[in-house]
Amino acid sequence: MHRRQFLGRAAGAALILPLLGASDVFAAPSSGKLLPVPLSTGDWVGLVSPSSALNDGFDLQLAQEVMQALGFKVKTGEHYAQRRGHLAGTDAGRAGDINAMFSDPEVKAVIATRGGSGAARLLPLLDYEAIGSNPKALLGFSDITALHNAIHAQTGLVTFHGPNGSGSWNRFNVDQFERVFFKRELMQYRNVQDPGDELVQRRNRTITITGGKARGELVGGNLSVLVALAGSPYLPDFTDRILFIEDVSEAPYRIDRMLTTLKLMGVLDRIAGVIFGECSDCEPGNGYGSLTLSQILDDHLKPLKIPAYQGAMIGHIRQQFIVPVGGLVEMDADAGTFRMLEPVFAS
């Protein structure tokens, strides 16, 4: 997905305003949090298209087949296959599908078909009272960051940053889904340790920016989408939270600009830790005329003197962690890991 093409101007405008393990120790969820109902095979799930339209109708079929292969019965939004320009139909239609799925008592989870652009247009049209009264899992990433943050800010509902319905459902991602949603494990998120034919591992390496451990609820997602919500009521409180961010196809100077925005907003001064995922295709385009991503992260994050690391398997990559937005975690920046500290589904 080319975020720069769809979201570049919106993000700039915001300046104005593995292997996985599980713990066998379960704790009670922290107060003030709304947990989704648990999922089981045989349940109904709803497919919606909150953002861009899919380029090929076959991808919609694949999204349905993926959900069925996971063991679900599938309902599709009334407008999920529509197109209006680059969007998957009108704002009213796309928002209406989300509201309908949350209000439908049969549907136990809502899955986004893809990201792209346009989800932020729906935020004033969502029925947060209905969503809060019918808490269920929402899964997606990239542009779906707008929905994760708005729904969590407005209702306290824990949602899930992970593969979209039409994305890659390789063995790793399916294993993630089953552990999180079916087994409901307290996940230990550690990058896959596999050097391949290299003498030392190059892929999926984590880099410590500032060492240490921190605890807090996860918030964040795609950096461009997150920053584009600046000045709106659709961002959660960042105080003592763990910020996780990722992006794709953004020049380093744009990452620098967006992190500067978070600094000027006061976000970076309130968080307890930072997990930076993958920034795919974010290399300098002007040689030595550009700061590198590592330099930019050092400039913004090291002065905070809070635990921070980069390289977590979060982002526009084939193998993705499925992480709970609003879930309580502990991160270890030296080890390049984080883990759930409490359940993320209602008992």
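Definitions and limits used
- Residues numbered from 1 in each chain as written.
- Predicted model: local features only at pLDDT ≥ 70, side-chain atom pairs only at ≥ 80, totals over all residues.
- Heavy atoms only, no water.
- 1 Å grid on protein atoms, 1.4 Å probe; cavity = no way out; pocket = protein on both sides within 12 Å on 5 of 7 lines; lining within 4 Å.
- Points joined across faces, edges and corners; volume = space filled by probe spheres on them.
- Helix = DSSP H or I, 4+ residues; strand = E, 2+ residues; numbered from the N terminus.
- Nonpolar A, V, L, I, M, F, W, Y, C, P; charged D, E, K, R; others polar.
- Buried < 20%, exposed > 50% of the residue type's maximum accessible area, 1.4 Å probe, protein only.
- Lys, Arg positive; Asp, Glu negative; His and termini not counted.
- Salt bridge = Lys/Arg side-chain N within 4 Å of Asp/Glu carboxyl O.
- Polar contact = N/O pair within 3.5 Å; in protein donor to acceptor, adjacent residues only side chain to side chain.
- Pairing = 2+ DSSP bridges.
- Axes fitted to C-alpha atoms, helices over the stretch in contact; angles between N-to-C directions.
- Contact = heavy atoms within 4.5 Å.
- Expected span 1.5 Å × (residues − 1).
- Parallel < 35°, antiparallel > 145°, perpendicular 65-115°, else oblique.
- Left-handed = near helix turned anticlockwise from the far one by under 90°.

Colleague: Is there a simple way to think about the layout of surface pockets in this case?
Modeller: Over the atoms rolls a probe the size of a water molecule, and in doing so it shows where empty space is left. Taken as a whole, the largest pocket spans an internal volume of roughly 240 Å³. Every residue lining the largest pocket is counted, 14 residues in all, and those nearest its centre are E278, C279, L293, S294 and Q310. For the lining of the largest pocket, the elements supplying multiple residues, two or more each, are β11 (273-280) and α9 (293-301). Among the elements that take part in the lining of the largest pocket, β11 stands out by supplying four residues, more than any other. Residue composition of the lining of the largest pocket, grouped by class: six nonpolar, five polar and three charged.

Colleague: What is the right way to read the side chain of R114 from this model?
Modeller: As for its position among the elements, R114 is in the loop between β4 (107-112) and α4 (128-133). An unpaired buried charge is present at R114: no salt bridge exists, and D59, the closest side chain of opposite charge, is 7.3 Å distant. Within the structure, the side chain of R114 is placed 2.9 Å from the backbone oxygen of A53, a separation counted as a polar contact.

Colleague: It is not clear to me how the sheet that holds strand β5 (residues 137-140) should be interpreted in this structure. Could you clarify?
Modeller: Backbone hydrogen bonds hold the strands of a sheet together, and the pairing may be parallel or antiparallel. Pairing in this open sheet of six strands is mixed, and the strands run β3-β2-β4-β5-β6-β13 from one edge to the other. Two strands in the sheet have a free side with no partner beyond their single neighbour: β3 (73-76) and β13 (323-325). Neighbour-to-neighbour, the strand axes of the sheet open up by a mean angle of 30 degrees, direction not taken into account. Contacts from helix α5 (residues 145-155) reach β5, β6 (159-161) and β13, with the element oriented near 155 degrees to β6.

Colleague: How do you make sense of helix α3 (residues 91-103) when you look at a structure like this?
Modeller: Along an α-helix, residues three or four apart share an orientation, since each turn contains 3.6 residues. Over its 13 residues, α3 runs 18 Å from end to end, which matches the ideal 18 Å to within 8%, given 1.5 Å per residue. Three or more residues of α3 are buried, namely D91, G93, R94, A95, D97, I98, N99, M101 and F102. Buried positions along α3 lie against β2 (44-48), β3, β4, α4, β5 and α5.

Colleague: Before we go on, may I ask you to explain unusual backbone geometry in this structure?
Modeller: A negative phi angle characterises most non-glycine residues, just as the trans form characterises most peptide bonds. Located in the positive-phi region is S142, a residue other than glycine, with phi close to 65 degrees. Of note, S142 is situated in the loop between β5 and α5. The backbone of R184 shows a phi angle near 55 degrees, a positive value even though the residue is not glycine. What makes R184 partly exposed here is its relative accessible area of 29%.

Colleague: I would appreciate a short explanation of the packing of helix α8 (residues 252-265) against α9 in the present structure.
Modeller: The geometry of a pair of packed helices is captured by two quantities: the angle between their axes and the separation between those axes. Running from N to C, α8 and α9 point in directions that differ by 15 degrees, and their axes come no closer than 9 Å. Between α8 and α9, the angle falls in the class roughly parallel. Crossing angle aside, the handedness with which α8 passes α9 is right-handed. Residues P252, Y253, I255, D256, L259 and T260 of α8 touch α9, and the partners they reach there are L293, I296, L297 and H300. In terms of residue class, the contact of α8 with α9 is built from seven nonpolar, two polar and one charged.

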